[in-house]
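One-letter residues, chain by chain:
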Amino acid sequence: IRMGLNNNIGQPTAIIACIKHIQIIDSTELLKTSSYWTPQDETQIKNWFTLYMDWLIDSSQGQFEASSDNNHHTWFNAQLIPKEKYLGFYNLTINYLLDTINVITNQITDQGKQPHELIRTNSWHYSNYNLLALTTIAAQSQHINDLNLINSAPYCYLPDMLRLIYRQEPTQVF
């Protein structure tokens, strides 16, 4: 990771744009089956993800996102968890999975409402976006030391979130 043009360090909110890394990690698993994917390729991409993950955790931009009360915090975790899992950092993976339980507790009411998303101008979109991040994290939690978040107490709100979101018209404010 390096400084941008004219020492531009970027905006914390731009970190969310890197969620496609989750798919890249999935793609590397597929590429491993190709004779064209070399051990050097594997080493290079793991080194890159390690540098990015370290920057994400330690940078002021990453710390800003990790302290957000909305989907930015959720997507911060959703990005870190598959990287840590791919790189074999299972203790970190578990820490961020457990942090997600706190995120749910702070972001979602027992009726499935997401107050931090509901105050935004496009609340339907952001509520869906946060739900996508939470289900992405739940999928990543499977097969990690029998830690399956989808069956944890805070995740019981996900069906309520879905019911609440999809009972509305996409153009309605709720």
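Structural data are supplied above this passage.
Here is what the cut-offs are and how they apply
Residues numbered from 1 in each chain as written. Predicted model: local features only at pLDDT ≥ 70, side-chain atom pairs only at ≥ 80, totals over all residues. Heavy atoms only, no water. Core = buried A, V, L, I, M, F, W, Y, C linked by side-chain atoms within 4.5 Å. Buried < 20%, exposed > 50% of the residue type's maximum accessible area, 1.4 Å probe, protein only. Helix = DSSP H or I, 4+ residues; strand = E, 2+ residues; numbered from the N terminus. Contact = heavy atoms within 4.5 Å. Expected span 1.5 Å × (residues − 1). Arc of directions from axis to C-beta. Phe/Tyr/Trp six-rings, centres within 6.5 Å; stacked < 30°, edge-to-face > 60°. Lys NZ or Arg CZ within 6 Å of the ring centre and 35° of its normal. Axes fitted to C-alpha atoms, helices over the stretch in contact; angles between N-to-C directions. Parallel < 35°, antiparallel > 145°, perpendicular 65-115°, else oblique. Left-handed = near helix turned anticlockwise from the far one by under 90°. Nonpolar A, V, L, I, M, F, W, Y, C, P; charged D, E, K, R; others polar.

F49, L56, W75, L80 and Y86 are the most contacted members of the largest nonpolar core, which has 24 residues in total. Elements represented by at least two residues in this core include exactly α1 (21-31), α2 (39-58), α4 (71-87), α5 (90-107) and α7 (123-141). Considering every element that reaches this core, the biggest residue donor is α4, with seven residues. Not counting chain neighbours up to four residues away, the residues in contact with L56 comprise I15, G62, Q63, F76, Q79 and L80. Judged by nonpolar contacts, the second largest core, of eight residues, contains L131, L134, M161 and I165.

Glancing now at α2. A rise of 1.5 Å per residue sets the reference length of α2, with its 20 residues, at 28 Å; its end C-alpha atoms lie 28 Å apart and thus fit the reference within 8%. What α2 keeps buried is the set E42, I45, F49, Y52, M53 and L56. In an axial view of α2, the angular spread of the buried residues amounts to 105°, which keeps them on one side of the axis. Across α2 from its buried face, at more than 90 degrees, point the exposed residues P39, Q40, Q44 and D58.

Our focus in this paragraph is the packing of aromatic side chains. Aromatic rings in a pair are described by how distant their centres are and how their planes are angled relative to each other. Per the stated rule, a full pass over the model turns up six aromatic pairs. Between the aromatic rings of Y52 and W55, the centroid separation amounts to 5.9 Å while the plane-to-plane angle is 35°, which identifies the pairing as tilted. One end of the pair, Y52, and the other, W55, are both in helix α2, three residues apart, so they sit about a helical turn from each other. Residue class for W55 comes out partly exposed when judged on its relative accessible area of 26%. Joined through ring pairs, the aromatic side chains of W48, F49, Y52, W55 and Y86 make up one cluster. In this structure, R120 is placed above the aromatic ring of Y126, and the distance from its NZ or CZ to the ring centre is 3.6 Å.

Here we take up the packing of α1 against α4. Here α1 crosses α4 at 20°, and the two axes come no closer than 9 Å. With respect to their mutual orientation, α1 and α4 come out roughly parallel. Taken as a pair, α1 and α4 cross one another with a handedness that is left-handed. When α1 is examined against α4, the residues H21, I22, I25, T28 and E29 are found in contact with a partner set consisting of W75, A78, Q79, P82, K83 and Y86. When grouped by side-chain class, the residues that make up the contact of α1 with α4 number six nonpolar, three polar and two charged.

Distances and angles like these do not, on their own, reveal function.
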